[in-house]
Amino acid sequence: MEKYIINGGNVLNGEVTVSGAKNAAVAIIPATILCDEPCRIENIPNISDVTLIAKILQNLGAKVTRVNKSTLDIDPRPINTYCAVDDSVRGMRASYYLLGALIGRFNNARVAMPGGCNFGVRPIDQHLKGFAALGAECELLNGAIVDAHSDRRMQGTSIYLDTVSVGTTINLMLAAVKAEGQTIIENAAKEPHIVDLANFLNSMGASIRGAGTDVIKIRGVDYLHGITYSIIPDQIEAGTYMAAVAATRGKLLVKNVTPKHLESITAKLREIGVYVEEYDEAVLVDATERRLRRCNLKTMPHPGFPTDCQPQFVALLTTVEGTSIVTENVWDNRYQYVRELLLMGAHISVESRVAIVDGQVPLHGAPVKATDLRGGAALIIAGLVASGTTELSSIHYVERGYEEIVEKLRALGADIKKQYVPEDEAAVTA
Ligand code: EPU
């Protein structure tokens, strides 16, 4: 057991380098299952979700070699099973990409239901509807394992998604990339990591057009050859540091980013009064001596404001002038972290999908608990601006998605450290 100890009040300044995108990495690593030759993947973030998905591939029989901190060599050829049902599979959300990848390779998949952060119900009905349209019969075994089977190659078809879903779009691309004929996904999600996955598959010889728009056309191919591929920068990690520096009224050059992917975040920061300048692969965020004011914020699928930055922005909005109104349009229940912010003195009221956030309410340090990955990031930001000491527990959520967050924040001037909590003390405070 470990926790973060944060002494608030320091202003963040300097430069931070953003890592590769978590949500691209956790799709591209299972996508290698479809490749007929070994691949090298670069700019992989060193986070626990990546370690876990790489381990799951190894358990399936793939040869996975870590070349350095951010590069993996994966040889998927030795994989000879389509069953991924052990406990590690339940430990993360993205393990559902094994379904699409294994169906794409074996026309069959048996995969334990995915875990991941709890935002209320996280259905996979659209994934299953898509697999069925491609020709796989899908069943839920004992309520815990998805079994998709077919005795022939997937057949290309048109699939209209009832909900704009990142996971479904990715899973259907994986299942269709080697299907017979053409698959069309309509009402597809448009997130940067969907484009990244399409670029990865196309570089190997796939034929995917329209990724990044709401209609994706996939013509099935027989063979995917090995490549070296570098994952895009993490839009959400960048947005987290942008919110953190604005909250502390500092100045930060955020490097290794694609400014286009950050447009909705940049626009919202400018609206509240932060100065943001875009370069080719960096953004400068300057909140020094600026008067920041309230805003309305609504999360939407890309290119809207990302739900994965909503908690960090709520933490920021507690520091600005006026009352902000935040509407969460993607997840039913993504405000669990608010209860912890209240323990730090925040004035926030939540009614269903809307949070009303009073600004300029001084926060004070407190023992708080990460409720999920991005909620944990919001509590770190709150700890950085609060008076006194914040002790953040359940940090395994944060470490699922942020590479070296303590080191990166310390280099910017934050007073944050990781502390080991003996088992017996952890049991008392749990
Ligand atoms: N939905 C359905 N049926 C489905 C699938 C989704 O109704 O079959 C609904 C969901 O309940 C939700 C909405 O559609 O209301 C969007 O869900 P989506 O499928 O897009 O989410 P996801 O693929 O499960 C990914 C990210 C999340 C991020 C969402 C939205 C990964 C591994 N996870 O989840 O990231 O919040 O897209 O952008 O890529 C995070 O990184 O902190 C995180 C939670």
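Presented here is a report on the structure given in the accompanying data block. (Residues numbered from 1 in each chain as written. Predicted model: local features only at pLDDT ≥ 70, side-chain atom pairs only at ≥ 80, totals over all residues. Heavy atoms only, no water.)

**Concerning the overall build of the chain**
- Helix and strand counts for the chain stand at 15 helices and 24 strands.
- Against the compact-globule benchmark of 22 Å for 430 residues, the chain has a radius of gyration of 22 Å, which places it among compact chains.
- Its C-alpha atoms put the chain at 60 × 45 × 40 Å along the principal axes.
- Each of the 430 residues in the chain was classed as buried or not, and the buried ones make up 56%.
- In the chain, the share of contacts with a sequence separation of at least 24, taken over all contacts with a separation of at least 6, comes to 72%.
- Roughly 16,500 Å² of accessible area belongs to the chain as shown, and the carbon and sulfur atoms make up 48% of that amount. (Helix = DSSP H or I, 4+ residues; strand = E, 2+ residues; numbered from the N terminus. Rg over C-alpha atoms; globule rule 2.2 N^0.38 Å. Buried < 20%, exposed > 50% of the residue type's maximum accessible area, 1.4 Å probe, protein only. Contact = heavy atoms within 4.5 Å. Areas by Shrake-Rupley, 256 points an atom, 1.4 Å probe, with all protein chains shown as cover.)

**What to know about the site of the ligand**
- Close to the ligand lie 26 residues; Tyr96, Ser165, Val166, Asp308 and Val330 are nearest.
- Interatomic distance of 2.6 Å between a side-chain N/O atom of Asp308 and an oxygen atom of the ligand.
- Listed by contribution, the elements that provide at least two residues to the shell around the ligand are α1 (22–31), α5 (125–134), α6 (166–176) and α12 (373–385).
- Residue classes in the shell around the ligand are distributed as eleven nonpolar, eight polar and seven charged. (Near = heavy atom within 4 Å. Polar contact = N/O pair within 3.5 Å; in protein donor to acceptor, adjacent residues only side chain to side chain. Nonpolar A, V, L, I, M, F, W, Y, C, P; charged D, E, K, R; others polar.)

**Some thoughts on the side chain of Thr248**
- Counting through the fold element by element, Thr248 comes out in the loop between α8 (235–247) and β15 (251–255).
- Apart from residues no more than four positions distant in its own chain, Thr248 is found in contact with Asn10, Val11, Leu12, Leu384 and Val385.

**Considerations on the side chain of Asp49**
- For Asp49, the position within the fold is in helix α2 (residues 48–60).
- Given a relative accessible area of 4%, Asp49 falls into the buried group.
- Only 3.1 Å separates the side chain of Asp49 from the side chain of Arg400, close enough to count as a polar contact.
- Leave out the neighbours within four places in its chain, and Asp49 touches Lys22, Val26, Met92 and Arg400.

**Points about α2**
- Compared with an ideal rise of 1.5 Å per residue, which puts 13 residues at 18 Å, α2 spans 19 Å between its outermost C-alpha atoms and is within 8% of the ideal.
- Check the buried side of α2 and you find it contacts α1, β4 (63–68), β5 (71–75), β6 (83–84), α3 (87–90) and α4 (97–106).
- Gly61, located one to two residues past α2, shows a positive phi value of around 120°. (Expected span 1.5 Å × (residues − 1).)

**Digging into the nonpolar core**
- Counting residues in each nonpolar core, the largest one holds 76 residues, and the members touching the most others are Leu98, Met173, Leu174, Leu197, Phe200, Leu201 and Ile208.
- A per-element tally of this core places α1 first, with seven residues.
- Excluding its chain neighbours within four sequence positions, the residues that come into contact with Phe200 are Ile28, Ala31, Thr32, Cys39, Ile41, Ile227 and Tyr229.
- Among the nonpolar cores identified, the runner-up in size contains 70 residues, and Ala315, Leu379, Ile380 and Ile416 belong to it. (Core = buried A, V, L, I, M, F, W, Y, C linked by side-chain atoms within 4.5 Å.)

**Structural notes on the packing of aromatic side chains**
- Here the structure, examined in full by the defined rule, presents four aromatic pairs.
- Seen from their ring centres, Phe200 and Tyr229 are 5.4 Å apart, and the 70° between their planes marks the pair as edge-to-face. Here Tyr229 lies in strand β14 (residues 228–230) and Phe200 lies in helix α7 (residues 192–203), a separation of 29 residues in the sequence.
- The class of Tyr229 is buried, set by a relative accessible area of 10%. (Phe/Tyr/Trp six-rings, centres within 6.5 Å; stacked < 30°, edge-to-face > 60°.)

**Notes on the state of the cysteines**
- Applying the stated criterion across every chain yields a total of zero disulfides.
- A disulfide-free cysteine, Cys35 has its sulfur positioned 3.6 Å from the sulfur of Cys39, the nearest such atom.
- No disulfide involves Cys138; its sulfur sits 14 Å from the nearest other cysteine sulfur, which is in Cys83. (Disulfide = S-S within 2.5 Å.)

**Digging into the sheet that holds strand β1 (residues 2–7)**
- Strand order across the open sheet formed by four strands is β22-β23-β1-β24, with mixed pairing between neighbours. Of all strands in the sheet, those with a lone pairing partner are β22 (367–369) and β24 (415–420), marking the two edges. Looking at each pair of strands side by side, their axes are set apart by 25° on average, direction ignored.
- Taken together, the four bridges between β1 and strand β23 (residues 389–393) define a ladder with antiparallel strand orientation. Paired with Tyr4 across the strands is Leu392, a residue of β23.
- In this fold α12 packs onto β1, β22, β23 and β24, with an angle of close to 30° to the strand it touches most, β1. (Pairing = 2+ DSSP bridges. Axes fitted to C-alpha atoms, helices over the stretch in contact; angles between N-to-C directions.)

**So, the environment of Gln419**
- In this structure, Gln419 sits in strand β24.
- Considering only alpha carbons, one finds Gln419 and Ser393, 26 residues apart in sequence, at a separation of 9.8 Å.

**Examining the packing of α8 against helix α9 (residues 263–272)**
- The N-to-C vectors of α8 and α9 enclose an angle of 10°; their axes lie 10 Å apart at closest approach. On the basis of their axis angle, the class for α8 and α9 is roughly parallel. Packed against α8, whose contacting residues are Gln235, Gly239, Met242 and Ala246, the element α9 presents Ile265, Thr266 and Leu269 at the interface.
- Of the residues that constitute the contact of α8 with α9, the class distribution is four nonpolar, three polar and no charged. (Parallel < 35°, antiparallel > 145°, perpendicular 65-115°, else oblique.)

**Quick look at the pattern of salt bridges**
- In this structure the tally under the stated criterion is 22 salt bridges.
- Residue Asp73 pairs with Arg40 through a salt bridge whose shortest N-O separation is 2.7 Å. Pair noted here: Asp73 is in strand β5 and Arg40 is in strand β3 (residues 39–42), with a separation of 33 residues, a long-range link.
- The exposure class assigned to Asp73 is partly exposed, which follows from its relative accessible area of 22%.
- For Arg40, a relative accessible area of 31% puts it in the partly exposed group.
- Salt-bridge contacts for Arg110 lead to Asp147; the nearest nitrogen and oxygen are separated by 2.7 Å. A residue pair is termed long-range when its members are at least 10 positions apart, and Arg110 in strand β7 (residues 109–112) and Asp147 in strand β9 (residues 145–149) qualify at 37 residues.
- When salt bridges that share partners are traced, they join Glu2, Glu399 and Lys418 into one network. (Salt bridge = Lys/Arg side-chain N within 4 Å of Asp/Glu carboxyl O.)

Function cannot be inferred from these measures alone, as they are strictly geometric.
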